[in-house]
Amino acid sequence: MQRLKSLLFVLFITVASIGFAQQTYTINGESLSLKTEVSGTIDLLWNTFNKQYRYFVKKDGQYYELINTRVDGKYQEQYKSTLNDLTTGSGLSTDRLRMTLAGLRNFINDYNASVDPNYDTNSQTVAFETRLGFFGGVTNNRYTANPQNATAPLVGIEFEILDSKLLPRHAIVFQFRQSFAVEDFDYSASQLSLNYRFKFVKSAKVDVFANARLATYTYSRTVITNTDPAQNSVDQEITGGNLQAPILLGLGADIKLGKGYLMLAYNDIVGLTIDDNGEFPVDFTLGCKFNL
């Protein structure tokens, strides 16, 4: 089991790291992973290769590399001619334009704003979005002592933070879950957790993600029935809270419905740094989520 946990952890980290890679483009027969700095009538794309910056612009579906070759010690500044051709009639001048990320970003922002009155200047590459979700489900509390393997109801709320431009596949989620006592298992718990979410399938209609529960604070109440020397049943109530870093891995999906999302999740399938009670994991939730 420990070997399986290690394998799953390595797989999760590998998949997540791949997600941080930028989108791949094929330009002039060359496959390149590029970051999007500006999106508009003209897009600005860039990345570093062998410690060298390379810049590209896209207009009307065509890609153009911005170059500044050096011949006999003098820079040729071909990027200025390329931009002059692409921005003809705008009145913008490239005379003082330097081929730096900040300079190119400002120039292309100015052009996009001049041809599109509704253009939102991309002076920042970060575009934070927040979503609020509500859910309910069932759990067998696999990471507690549950002698009868009883299944209990739960409800919760989550607050998701994501960057739709720079890191659209990644999200941080703050989640609160409340599980309830049932007849066969008098245990209830309130849990606040910090989660990382990687969306390995992302489309306009559905996102499928892996979820890592990184840190939790859980306050629980358990009633244990013991037998005293006179063979009488005595209930003992145990309460308390604990802070953990369990690294619990699960899977989920957000399905676009109107202005919101349908949330489905299979939670806490395996715990990498916490012991389970040996039972098969049962932790399913269903809910809805809305953009704020």
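All of the points below concern the structure found in this document. Here the structure is a predicted model, which is why all the values come from computation and not from measurement.

### Here's the deal with the packing of aromatic side chains
Then, number 1: Within the structure shown, the criterion is met by 5 aromatic pairs.
Then, number 2: Centroid distance F185 to Y187: 5.2 Å. Interplanar angle 15°. Geometry classified as stacked. Accessibility assignment for this pair places F185 and Y187 in one class, buried.
Then, number 3: A network of ring pairs unites the aromatic residues W46, Y53 and Y55 as a single cluster.
Then, number 4: It is R54 that lies over the ring of F49; its NZ or CZ is 5.6 Å from the centre.
Then, number 5: Note that K256 overlies the ring of Y261, its terminal NZ or CZ placed 4.7 Å from the centroid.

### With respect to the layout of surface pockets
Then, number 1: Each pocket or cavity is described by its volume, and for the second largest pocket that value is around 460 Å³.
Then, number 2: For the second largest pocket, the lining is made up of 26 residues, of which Y143, T144, Y187, Q191 and T218 are closest to its centre.
Then, number 3: Taken together, the elements giving at least two residues each to the lining of the second largest pocket come down to strand 10 (167–179), strand 11 (187–202), strand 12 (206–227), strand 13 (233–244) and strand 15 (260–271).
Then, number 4: Classifying every residue of the lining of the second largest pocket by side-chain character gives 9 nonpolar, 13 polar and 4 charged.

### Focus on the side chain of D268
Then, number 1: Tracing the backbone shows D268 in strand 15.
Then, number 2: In this structure D268 comes out as buried when scored by relative accessible area, which is 9%.
Then, number 3: The contacts of D268, once residues within four sequence positions are left out, are R142, Y143, R177, R213, L248, L249, G250, P281 and D283.

### Section: a nonpolar patch on the surface
Then, number 1: Residues F134, I157, F176, L192, Y217, Y219, L243 and F290 make up a contiguous nonpolar surface patch of roughly 790 Å² in combined accessible area.
Then, number 2: Checked against the element boundaries, Y219 lands in strand 12.
Then, number 3: For Y219, a relative accessible area of 40% corresponds to the partly exposed category.

### What to know about empty space enclosed by the protein
Then, number 1: Inspection of every chain in the model, using the stated rule, returns 1 cavity of 30 Å³ or more.
Then, number 2: Volume-wise, the largest cavity comes out at about 100 Å³.
Then, number 3: Taken together, the elements giving at least two residues each to the lining of the largest cavity come down to strand 12, strand 14 (248–257), strand 15 and strand 16 (283–291).
Then, number 4: If one sorts the elements of the lining of the largest cavity by residue count, strand 15 sits on top with 4 residues.
Then, number 5: A class-by-class count of the residues in the lining of the largest cavity yields 6 nonpolar, 4 polar and 4 charged.

### Overview of the pairing of strand 14
Then, number 1: In this sheet, strand 15 lies alongside strand 14 in antiparallel orientation, the contact comprising 9 bridges. Bridge pairing in strand 15 links L248 to G271.
Then, number 2: Hairpin connection from strand 14 to strand 15: 2 residues lie between these consecutive antiparallel strands, with G258 at a positive phi of about 60°.

### Concerning the pattern of salt bridges
Then, number 1: Under the definition given, this model contains 17 salt bridges.
Then, number 2: Of the charged contacts, one joins E158 and K289 as a salt bridge, the two residues approaching to 3.3 Å between their closest N and O atoms. With E158 in strand 9 (residues 152–163) and K289 in strand 16, this pair connects stretches of sequence that are 131 residues apart.
Then, number 3: Residue E158 is classed as buried on the basis of its relative accessible area of 3%.
Then, number 4: Here K289 falls in the buried class, since its relative accessible area comes to 1%.
Then, number 5: Through salt bridges with shared partners, one network takes in E158, E160, R197, K199, K202, D207, D254 and K289.

What counts, and at which threshold
Residues numbered from 1 in each chain as written. Predicted model: local features only at pLDDT ≥ 70, side-chain atom pairs only at ≥ 80, totals over all residues. Heavy atoms only, no water. Phe/Tyr/Trp six-rings, centres within 6.5 Å; stacked < 30°, edge-to-face > 60°. Buried < 20%, exposed > 50% of the residue type's maximum accessible area, 1.4 Å probe, protein only. Lys NZ or Arg CZ within 6 Å of the ring centre and 35° of its normal. 1 Å grid on protein atoms, 1.4 Å probe; cavity = no way out; pocket = protein on both sides within 12 Å on 5 of 7 lines; lining within 4 Å. Points joined across faces, edges and corners; volume = space filled by probe spheres on them. Helix = DSSP H or I, 4+ residues; strand = E, 2+ residues; numbered from the N terminus. Nonpolar A, V, L, I, M, F, W, Y, C, P; charged D, E, K, R; others polar. Contact = heavy atoms within 4.5 Å. Patch = residues over 30% accessible without salt bridge, like charges linked within 9 Å, V, L, I, M, F, W, Y side chains within 5 Å. Areas by Shrake-Rupley, 256 points an atom, 1.4 Å probe, with all protein chains shown as cover. Salt bridge = Lys/Arg side-chain N within 4 Å of Asp/Glu carboxyl O. Pairing = 2+ DSSP bridges.

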